[in-house]
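These are the residues of each chain, in order.
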Amino acid sequence: MPIDAPHDGHDLVVVANRLPVDVTLDEAGEPSWTRSPGGLVTALAPVMSKAEGAWVGWGGSPGLELEPFDVDGTELVPVMLTESDVERYYEGFSNDTLWPLYHDVIAPPQFHRQWWDAYRRVNERFAQAAAAKTAHGGTVWVHDYQLQLVPAYLRELRPDLRIGYFHHIPFPPLEIFAQLPWRKQVVEGLLGADVIGFQRGGDAANFVRVVRRLTDLTTRGQMITVDEGTPAQRHVRAAAFPISIDSHAFDQLARTPEVQARAAQIRHELGDPEHLLLGVDRLDYTKGIRHRIKAYGELLEDGRLSATETTLVQVASPSRENVGAYQQLRDDVELLVGRINGDHGQVGHAPVQYLHQSFPMEEMAALYLAADVMLVTALRDGMNLVAKEYVAARSDERGALVLSEFTGAADELVGAVLVNPHDIDGMKDAITYAVHMEPREARKRMRRLRRRVLGHDVAAWSQEFLATLTAVPVRDGRG
Ligand code: G6P
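Analysis parameters
- Residues numbered from 1 in each chain as written.
- Predicted model: local features only at pLDDT ≥ 70, side-chain atom pairs only at ≥ 80, totals over all residues.
- Helix = DSSP H or I, 4+ residues; strand = E, 2+ residues; numbered from the N terminus.
- Rg over C-alpha atoms; globule rule 2.2 N^0.38 Å.
- Buried ≥ 20, exposed ≤ 12 C-beta atoms within 10 Å, placed from the backbone.
- Contact = placed C-beta atoms within 7 Å.
- Expected span 1.5 Å × (residues − 1).
- Pairing = 2+ DSSP bridges.
- Axes fitted to C-alpha atoms, helices over the stretch in contact; angles between N-to-C directions.
- Parallel < 35°, antiparallel > 145°, perpendicular 65-115°, else oblique.
- Left-handed = near helix turned anticlockwise from the far one by under 90°.
- Nonpolar A, V, L, I, M, F, W, Y, C, P; charged D, E, K, R; others polar.
- Arc of directions from axis to C-beta.

Student: Pulling in residues and values, what's your account of the overall build of the chain?
Tutor: When its secondary structure is counted, the chain shows 17 helices and 18 strands. Expected size for 479 residues packed as a compact globule is a radius of gyration near 23 Å; at 23 Å, the chain falls within 12% of this value. Dimensions of the chain along its principal axes, counting C-alpha atoms only, are 70 × 50 × 40 Å. When burial is assessed residue by residue, the chain has 47% of its 479 residues classed as buried. Of the contacts made within the chain by residues no fewer than 6 positions apart, 74% connect residues no fewer than 24 positions apart.

Student: I'd love a proper account of helix α2 (residues 83–102), names of residues and values included.
Tutor: For α2, spanning 20 residues, the distance from its first C-alpha to its last is only 25 Å, which falls clearly below the expected 28 Å at 1.5 Å a residue. Here α2 lies mainly inside the structure; 15 of its 20 residues are buried. Following α2 by one or two positions, D104 has its phi on the positive side, about 55°.

Student: So what's going on with the sheet that holds strand β8 (residues 162–166)? Which residues, and what values?
Tutor: Within a beta sheet, neighbouring strands are joined by backbone hydrogen bonds and run either parallel or antiparallel to one another. Here we have ten strands laid out as an open sheet, ordered β5-β6-β4-β1-β7-β8-β9-β12-β11-β10, and mixed in their pairing. Each having just a single partner strand, β5 (69–71) and β10 (218–220) make up the two edges of the open sheet. Here the average twist between neighbouring strands, direction ignored, is 25°. Of the strand pairs in this sheet, strand β11 (residues 223–227) and strand β12 (residues 233–240) are connected by five bridges, and their pairing is antiparallel. Looking at the pairing, I224 lines up with V236 of β12.

Student: Requested: an account of the environment of Q199, with residues and values cited.
Tutor: Looking at where Q199 falls in the secondary structure, it is placed in the loop between β9 (195–198) and α7 (201–214). Judged by local crowding, Q199 falls into the buried class, with 26 C-beta atoms found within 10 Å. Spatially, the C-alpha atom of Q199 lies 37 Å from that of R339, the residues being 140 residues apart in sequence. When sequence neighbours within four positions are dropped, the list of residues in contact with Q199 reads A240, P242, I243, G382, M383 and G408.

Student: Account for the packing of helix α3 (residues 113–131) against helix α4 (residues 150–157), naming residues and giving values.
Tutor: Two elements in contact, α3 and α4, have axes whose closest approach is 9 Å; the angle formed by their N-to-C orientations is 45°. What the angle tells us is that α3 and α4 run oblique. With respect to the hand of their crossing, α3 and α4 are arranged in right-handed fashion. Contacts between α3 and α4 involve N123, E124, F126, A127, Q128, A130 and A131 on the former and, on the latter, V150, Y153, L154 and L157. Tallied by class, residues from the contact of α3 with α4 come to eight nonpolar, two polar and one charged.

Student: Give me the environment of L336: which residues, what numbers.
Tutor: Secondary-structure assignment places L336 in helix α11 (residues 324–344). According to the C-beta neighbour criterion, L336 is partly exposed, with 19 such atoms within 10 Å. In this structure, the C-alpha to C-alpha distance between L336 and K294, residues 42 residues apart in sequence, is 7.6 Å. Look past the residues within four positions of L336 in its chain and what remains in contact with it is R290, I293 and K294.

Student: Kindly report on helix α8 (residues 247–255), identifying the contributing residues and their values.
Tutor: Those residues of α8 not exposed but buried are S247, F250, D251 and A254. Down the axis, α8 shows its buried residues gathered within 100° of arc, on one side only. Contacts made by the buried residues of α8 are with α9 (257–269), α12 (361–370), α13 (385–393) and α16 (439–455).

In structure tokens:
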């Protein structure tokens, strides 16, 4: 049932699983907020403050009920998730059903009806919060796989709105998507949007094919025609809008004397290795961390890399630690790292420096600058922003990027050394090639990479998406 627009609504409302701030509770249970450093926050901050927008999302802590509050001209609207919602909607359906299903079933997806019920309920709650905060004829931008039903729920409540949805992760081929018992409901949920954005053209094409096979709707290129009775027809556009980073800010950060000095200090603290390799990932089974470390271990074993002159720094930031597949992965990675260090280490030198921690942006920039070779070997990844950050940090035009073909970034980043992470021998050759790359070739490649990353930043991404959404014709009943 449609509801009335609020009198004090916002023209632009973002809906994402997480708010753009991290909440911490003190001992008395009092919450305090710190701005979270995520890319989406940086991307949307200028647009949001100009539009005096609102952001609907979860505060990150179960059971926490909070009133909306203002941060830098944006109204933050917390959505409450109970402990059971966190278990079923977030850890369960989002991260143990959809996440593995959409990433090539690298881990087996779990299908549980109770999880689906929770997903539906929570999506409805997000839609209601957005409906209550958006001005008549306003724009709502929904983000990511946790909220695929929000567009349709929201359209039901507020047919006067323009609704955009951006899918940050891969959209799988029909043959895999079709495993989902609730596949039709998910497609219908997404089709509530006017524009559905994906990272790659291939993801958009997968979605359009799914629509053709699972519904009776007609499609023409990127356009899907949805029959709704009155007004008779609506057109939904499914297209690629590859996301980026705040490239210029990152470039500037990496040029500061503090970061430069820290980069030199890192190399020194590691014993000034001749070759410094780097991996930076959330500890997630999609990232190919095991494959990468296996290839590195074999290179040491074969003597193609010297264990005394080479170091691999692997930053693996803790993630989704209550989900079984992530616990298993942590054990596997830590076993592998222990074995390599045990077999090839010496007193005072470990060939793998493994850090199960998160670091501030400054430290990340210093690590990127310190590294000779960056290893991004994901088995499947929507985009992979680490690859772009590495490039943005390298204004010295040095360093080499080894990049998996199975990332969205590989579509754009010509100049990287591409690898198939399942092919361990191929990956060993690529790593060796990158380690010994001539400075001239490295410079040429890095220039190309930097032209792309600095020429298309996250502000351009959000502008392109919002411009496409704003171009959607206003329909009857819209103010
Ligand atoms: C991916 C997803 C995001 C998610 C992030 C961190 O990048 O696309 O939607 O926020 O991982 O995962 P988390 O479960 O901690 O939010």
